[in-house]
Amino acid sequence: MKFTRSWLAEHLETSADLDALVDGMVRIGLEVEHVHDPSTLFAPFKTAEILEATPHPDADKLKVCTVDTGTERLQVVCGAPNARAGLKGVFAPVGSTVPGTDLLLKKAKIRGVESNGMLVSEREMGLSDEHEGIIDLPTDTPIGAPMADVMGLDDPVIDFEVTPNRPDWNGVDGIARDLAAAGLGRLVTKPVEPVAGTFACPITITLDFPQGQPPACPMFAGRVVRGVKNGPSPAWLQRKLQAIGLRPINALVDITNYVSYDRARPLHVYDAAKVQGAIGARYGRQRERFLALDGKDYDVDESMCVIADEAQVLGLGGIMGGEASGSTDATTDVFIEAALFDPIVIARTGRRLGIVSDARYRFERGVDPLFCEPGLELATRLILEVCGGEASTVTVAGSPSHDRHTIEFRPDRVKTLTGMDLSPDRCADILTALGFAITGAGDTWSVTVPSWRPDVEGEADLVEEIAHIHGYEHLPGLALPRLSPIARPVLTERQKRVRWARRLLASRGYNEAVTYSFTRADWAEAFGGGAAALSLANPISSELSIMRPSVLCNLLGAVKANLDRGAKEVALFEIGPVYLGDGADDQRTMIGGVRFAEAGRHWAGARGAPDVYDAKADALSVLSELGAPALSAQATADAPGWYHPGRSGHLRLGPKAALARFGDVHPKVLQAFGLKMQGAAFEIILEDIAEPKRKAGPARSPLALPDLMALEKDFAFLVDEGVAAETLLRAARGADKKLIVDAAIFDLYAGDGIDPGKKSVAFSVTLQPQDKTLTDDEIDAVMKKVIAAVEKATGGVLRG
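Residues numbered from 1 in each chain as written. Predicted model: local features only at pLDDT ≥ 70, side-chain atom pairs only at ≥ 80, totals over all residues. Heavy atoms only, no water.

Description of the overall build of the protein
For clarity, the threshold we go by: A run of H or I in DSSP counts as a helix once it spans at least four residues, and a run of E counts as a strand once it spans at least two, with each numbered from the N terminus. Contacts: residue pairs with any heavy atoms within 4.5 Å of one another. In these tables, accessible area is a Shrake-Rupley quantity obtained with a 1.4 Å probe, and a residue counts as shielded only by the protein chains included in the view. In summary, the charge assignment counts Lys and Arg as positive and Asp and Glu as negative, without counting His or the chain termini. Charge positions are represented by NZ for Lys, CZ for Arg, CG for Asp and CD for Glu.
Along the backbone of the protein there are 20 helices and 43 strands. Overall, the C-alpha framework of the protein stretches about 110 × 85 × 60 Å when taken along its three principal axes. Taking the intrachain contacts of the protein between residues at least 6 apart in sequence as the baseline, contacts between residues at least 24 apart amount to 69%. Carbon and sulfur atoms make up 51% of the accessible area of the protein, which totals about 40,100 Å². If you average the places of the 86 positive and of the 109 negative side-chain charges in the protein, the two averages end up 6 Å apart.

Describing the environment of A278
As for its position among the elements, A278 is in the loop between strand 17 (268–271) and strand 18 (279–283). Taking the C-alpha atoms as reference points, A278 and I205, separated by 73 residues in sequence, lie 5.9 Å from one another. Beyond its immediate chain neighbours, meaning those up to four positions away, A278 contacts T204, T206, A308, D309 and E310.

So, helix 2 (residues 18–27)
Put simply, the rule reads: Relative accessible area decides the class of each residue, using a 1.4 Å probe on protein chains only: under 20% of the type maximum gives buried, over 50% gives exposed, and in between gives partly exposed. Each direction from the helix axis to a C-beta atom contributes to the arc, which is the arc of those directions.
Where helix 2 is concerned, the buried positions are L21, V22, G24 and M25. The buried residues of helix 2 occupy one face: seen down the axis, they fall within an arc of 160 degrees. The exposed residues of helix 2 that point more than 90 degrees off its buried face are D19 and D23. Looking at the residues trailing helix 2, positive phi occurs at G29, about 105 degrees.

Overview of the nonpolar core
Threshold: Note on terminology: a nonpolar core comprises buried Ala, Val, Leu, Ile, Met, Phe, Trp, Tyr and Cys residues joined through side-chain atoms within 4.5 Å.
Membership of the largest hydrophobic core comes to 110 residues, with the highest contact counts inside it found for F160, L179, I279, L316, F335 and F409. Ranked by size, the runner-up nonpolar core spans 28 residues in total, among them A558, V559, L670 and L675.

Concerning the packing of helix 6 (residues 235–243) against helix 7 (residues 251–263)
Test applied: Axis definition: a line fitted to C-alpha atoms, over the contacting stretch in the case of helices. Angles run 0 to 180 degrees between N-to-C directions. Here the word oblique covers every angle except those under 35 degrees (roughly parallel), over 145 (roughly antiparallel) and from 65 to 115 (roughly perpendicular). Crossings are sorted by hand: turned counterclockwise from the far helix by less than a right angle, the near helix makes the crossing left-handed, and turned clockwise it makes it right-handed. Following the grouping adopted for this structure description, the nonpolar residues are Ala, Val, Leu, Ile, Met, Phe, Trp, Tyr, Cys and Pro, the charged ones are Asp, Glu, Lys and Arg, and the polar ones are all others, Gly among them.
Running from N to C, helix 6 and helix 7 cross one another at 55 degrees; their axes reach a closest spacing of 10 Å. In terms of their interaxial angle, helix 6 and helix 7 are classed as oblique. Our pair here, helix 6 against helix 7, has a crossing hand that is left-handed. In contact with W236, L237, K240 and L241 of helix 6, helix 7 contributes D254, I255, N257 and Y258. Counted by class, the contact of helix 6 with helix 7 contains five nonpolar, one polar and two charged residues.

Things to note about the pattern of salt bridges
What counts, and what does not: By convention in these notes, a salt bridge is any Lys or Arg side-chain nitrogen within 4 Å of a carboxyl oxygen on Asp or Glu.
Within this structure, the stated rule accounts for 34 salt bridges. A salt bridge links D262 to R263, with the shortest nitrogen-to-oxygen separation between them at 3.1 Å. A salt bridge links D664 to R647, with the nearest nitrogen and oxygen atoms 2.7 Å apart. Here D664, found in strand 38 (residues 658–665), pairs with R647, found in strand 37 (residues 643–652); they are 17 residues apart in sequence, far enough to count as distant. For R647, a relative accessible area of 36% translates into the label partly exposed. Among the charged side chains, a network of salt bridges with common partners joins R166, D168 and D178.

Observations regarding unusual backbone geometry
Notably, D102 is not glycine yet its phi reads approximately 60 degrees, a positive angle. Topologically, D102 is positioned in the loop between strand 8 (97–98) and strand 9 (103–104).

Digging into the pairing of strand 7 (residues 88–92)
Let me state the cut-off plainly: Here the rule is simple: two strands pair whenever DSSP picks up at least two bridges between them.
Most of strand 7 is tucked away, with five of its five residues classed as buried. For strand 4 (residues 46–56) and strand 7, the ladder comprises four bridges, and the chain directions are antiparallel. Residue pairing in the sheet places K46 in a bridge with F91 of strand 7. Strand direction decides the pairing type here: strand 7 and strand 12 (residues 118–119), joined by two bridges, are antiparallel. Directly across from F91, in strand 12, lies its bridge partner L119.

What to know about the sheet that holds strand 3 (residues 31–36)
Pairing within the open sheet is antiparallel, and its three strands lie in the order 1-13-3. Two strands in the sheet have a free side with no partner beyond their single neighbour: strand 1 (2–4) and strand 3. Recorded for the sheet is a direction-independent mean angle of 25 degrees between the axes of neighbouring strands. Relative to strand 13 (residues 157–161), strand 3 runs antiparallel, the two sharing five bridges. The residue of strand 13 that forms the bridge with H34 is D159. Where helix 2 meets the sheet, its contacts fall on strand 1, strand 3 and strand 13, and the angle it forms with strand 3 comes to roughly 160 degrees.

Right, here's the structure in full:
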């Protein structure tokens, strides 16, 4: 839900600044997600006047303009057809970035003529699709004034998350009511004055639902307004809708959208000339079909509530109207619908057809049943003011069937449940400001719940209302009892391994990311999630419709977001579920990491971008710390398609299945994610790593330091060129599995002094004493085992 600061001021008289309002919203439970102040975006741009516009000497369609910016006169080359002397427009100076094109302006020569800045169009400023000419401001516009002030673009937009239990927050008036109750101003929402109809409504309204069942549409109100003149809505209305991300369509549609956001009351307008006979709400019928306003055809069935005339289905009640009866610029007579719909029917229909609309969002959460007719009156008054015309009387079928819910409330329960010691007068003031009606006195009150608060059902709910308006920061602090050693939680072996992996990757320079288990369809396809991908029937958004087959899907998306914001180096890891199929055992836990960085410059030498060897080292480190035994790295042709062939590999335990895969990210995957920088990644399935056998005793983290110091011994062998280095290392590690904990190559040489077809490989072996310091004889014995094992495995000889 979005609204602007000025829009809120229409319902809340306040002296609080923007920061105070946002803090107040957060304090009373409105989850503010973002505050966008367009005046900051448009700060570099000022109004200017063209003093002179002469033809460009070398281009017929260009003009050389002398522009007065209020502080200086500059020469600007402009190609707009409306550029002329005396025009007042918007000037973008050198050094500014044009919002609609992301163009950084520099001083330049255009066809040999110097140009200092730019005169911009609305599309270039991201205001609309208008680009036939530069912005043409009124002649009385002051020169050098901030563009945002002159064009009314200095109105901050607040974006917050509406919790499902608060349908009243879907309207600006509902937000204003809570802020006023919290002491941030005075509620000034004006009551709706009914419009007296001058003729009887010519369209009959019907409700046709089975007897004995709750109707899917308990109330349907409507009226006709004839003689309207439809067209673009006025500038104030278009600015309101554009500020919150809605595209103005025409005056009639824009008015219904305005009422929906202003008072949380969805409406619909039909072209009355296209309605055949009576109009009404009923359940759909088999083989009925209609073309909706989104341009798609939908089949309806007996579980869906439809709005229909005597000839056809006109729309889905509370979700979306149809093209057959939609209003156009040629519309002169309209029928306005204001109805109530069953939230369960709305939600079920929307999920089944996959339709997401503002109307569905509001109706399935509940709308104020008593604001049905007032909402109709408000829309009528706006249509008469903007489009003209003459209104009929209101016709109503059904009733809101709303019983005024009354709760017995004891004010002292506030202290009992929250610890806040508030006076009865303070409690009464808060409830009254929120629209609750209080009768009675003494220890027990009768509190009537307003029609727009379906979430308030009992006494505890009233306590919650008082507490969150008074402020949770006033909750008294309590000392928590200390947990006994027996009561302390015990981590499972799997939880310990996840914790160790997190600590290790953080120590290697990674930052942890936590993303959705859902991902985009095109991202999933890049990671093998094509036809086998698990699609969601009811995704939280159209872009998160697939269960991820790899954590790398969302990690690469996060990398793109960070690089787009100027990051030069990104290293992210995530430990979470992935979905490899629809079987019971196809949900696995994956440890995944990605590294991206520009090649760096340094006096000691250039630093390369992350590559396959970085990813291999990270994966090996994780496996080692999780207790995996000695591994062999193989660059295999069967690496997954999202890794670069020839620069990727598997980490395997002997001939068994791969425990990890790593490598450079494939260029096609980089292209799919819009990444222009090479990076490396690795993946480990946690369940594929067998838990190491441990002797009974206290748990010990693999990251813990040993009690005795390790020692290293170096070896160099002459072997055939075709011998893989890993063969030497595997043989060395296996020479004494109790004492040898690691082996690593540190030198490779072939050339002078080495026989043709041979190479010299030098490596170090790390010995880790377990319970006592090793003697020289014990060390010599291990070294002999290493030499024998390597000679047997490779046919090589120890260099003298």
